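Letter by letter, the chains look like this.
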Amino acid sequence: MSAPGNDAAALLADIGGTNARFALLTPDGRGPLVRLKVAEYETSYDALASALETLAMPVQTPPAAAVLAFAGPVSAEHAQMTNSGWEARSDELRRRFGFRSVRLMNDYAALALGLDRLTEEDRIAIGPSLPAPGGALAVIGPGSGLGVAAFMPAAPQPRVLVGEGGHSTMAATNDVEADVLAFLRTRHGHVSAERLLSGPGLANIHQALSTLEGVAVEAMTPAEITDRGLEDSDALCRRTLEVFCAFLGSFAGSMALCYGAQGGVYLGGGILPRFPEFLAASDFRKRFEDKGRLRPYLAEIPTWLIRQPDAAFAGLSVAAQQLLCTPDRFPAA
């Protein structure tokens, strides 16, 4: 690609705890994704160099901008990933790759920024099909960790609120959940929502239930627990999924209250798309609304599962437009 073409290009990246995805955005639209395994690269810079090579983008002619979303705490100049140990600095990215502009984002900030661009084809209603009344949107996503963010409509452009809500303390609403949390406290001290609502969280719930019920079981991966639970071939795995969905409903309802997300709550991450029917039939929605005097408030809020696997790139595209100050230059992602 020639230098003039690169002046009108932006590199987009969605980097999670397990997978890193890259694409090039130009006035012609977003190009194909390059998918890399985080575990196969020592640093974020190594993965970025590999992605640029695959995209046929030599460092001598880099895109004008880079918008990179990371799973972990992010400031304007530095990103530190929570689960992989990767980090990135905007000045180092400019030095190594020649980008003129760099924006670092939390991965759920990127996902939240594009929520209002999702279509009916991109989502599945969980619970009643409610009309979206407008207003703030929240998104939570169990995956390698637990991401949380919110989209706030505002003029002249929307804003995103992002933090580390996945590390807030998890609460119990019944005796079984209280026993699960007590079991995990003996091993971890503080029990965050992420200790339960993530891939490792599935394994934690399974281990806790097996110990509490006095059932000797082999250690299983989150994928094995999910598969056996969905097949209904293992009663303990199925109970693990049921407890997981109930905890998720309580947490999602709490986030809706915290953010005032009357426009709706979205569910992202890599786990839930594997069992949308099970999630819809679980206690998720009941527990989402089960907030005492605020039940009527929550009953009006729709909840959706995102089924578009690359939904974060809609928000990354918006961020690239903002970074280059060219809102009409790129087509909608």
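Residues numbered from 1 in each chain as written. Predicted model: local features only at pLDDT ≥ 70, side-chain atom pairs only at ≥ 80, totals over all residues. Heavy atoms only, no water.

Draft legend 1. Focus on the sheet that holds strand β9 (residues 123–125). Strand order in the open sheet made by the six strands is β9-β14-β13-β10-β11-β12, with mixed pairing throughout. Here the strands that pair on one side only, and so sit at the sheet edges, are β9 and β12 (159–162). Strand-to-strand twist of the sheet, defined as the mean angle between neighbouring strand axes without regard to direction, takes the value 25°. As defined by bridge partners, strand β10 (residues 137–142) adjoins strand β11 (residues 146–152) across six bridges and the pair is classed as antiparallel. In the strand pairing of β11, Val139 is matched with Ala149. (Pairing = 2+ DSSP bridges. Helix = DSSP H or I, 4+ residues; strand = E, 2+ residues; numbered from the N terminus. Axes fitted to C-alpha atoms, helices over the stretch in contact; angles between N-to-C directions.)

Draft legend 2. Summary view of the nonpolar core. Grouped together as the largest cluster of nonpolar side chains are 46 residues, with contacts concentrated most on Leu196, Leu197, Phe244, Phe247, Phe251, Phe275 and Leu279. Elements represented by at least two residues in this core include exactly β10, β11, α5 (175–188), α6 (199–212), α8 (235–259), β13 (264–267), α9 (276–281) and α10 (284–289). With twelve residues, the top contributor of residues to this core is α8. Each residue touching Leu279, except ones within four places of it in the same chain, is listed here: Ile126, Cys245, Leu248, Leu267, Leu272 and Phe284. With 29 residues, the next largest nonpolar core counts Val34, Met57, Phe70 and Leu104 among its residues. (Core = buried A, V, L, I, M, F, W, Y, C linked by side-chain atoms within 4.5 Å. Buried < 20%, exposed > 50% of the residue type's maximum accessible area, 1.4 Å probe, protein only. Contact = heavy atoms within 4.5 Å.)

Draft legend 3. Structural view of the packing of α6 against α8. The geometry of α6 relative to α8 is characterised by a closest axis approach of 9 Å and an angle of 120° between their N-to-C directions. Relative to α8, α6 is oriented oblique. The element α6 and its partner α8 pack so that their crossing is right-handed. Residues Leu202, Ile205, His206, Leu209 and Ser210 of α6 touch α8, and the partners they reach there are Leu236, Cys237, Arg239, Thr240, Leu241, Val243, Phe244 and Phe247. Class assignment for the residues of the contact of α6 with α8 results in nine nonpolar, three polar and one charged. (Parallel < 35°, antiparallel > 145°, perpendicular 65-115°, else oblique. Left-handed = near helix turned anticlockwise from the far one by under 90°. Nonpolar A, V, L, I, M, F, W, Y, C, P; charged D, E, K, R; others polar.)

Draft legend 4. Main features of helix α7 (residues 222–231). Within α7 the residues assigned to the buried category are Ile225, Thr226 and Gly229. Projected down its long axis, α7 carries its buried residues within an arc of 95°, all on one side. Next to the buried residues of α7 lie α6 and α8. Two residues or fewer past α7, Asp232 is found with a positive phi of approximately 60°. (Arc of directions from axis to C-beta.)

Draft legend 5. Geometry of the packing of aromatic side chains. For the structure shown, the criterion picks out four aromatic pairs. When the ring of Phe97 is compared with that of Phe99, the centres are 5.8 Å apart and the planes differ by 35°; the resulting orientation is tilted. The buried category is assigned to Phe97, whose relative accessible area is 4%. Ring geometry for Phe275 versus Phe278: centroids 6.1 Å apart, planes at 90°, classification edge-to-face. Like Phe275, the residue Phe278 is buried in the burial classification. Lying over the aromatic face of Trp304, Arg123 brings its terminal NZ or CZ to 3.8 Å of the ring centre. (Phe/Tyr/Trp six-rings, centres within 6.5 Å; stacked < 30°, edge-to-face > 60°. Lys NZ or Arg CZ within 6 Å of the ring centre and 35° of its normal.)

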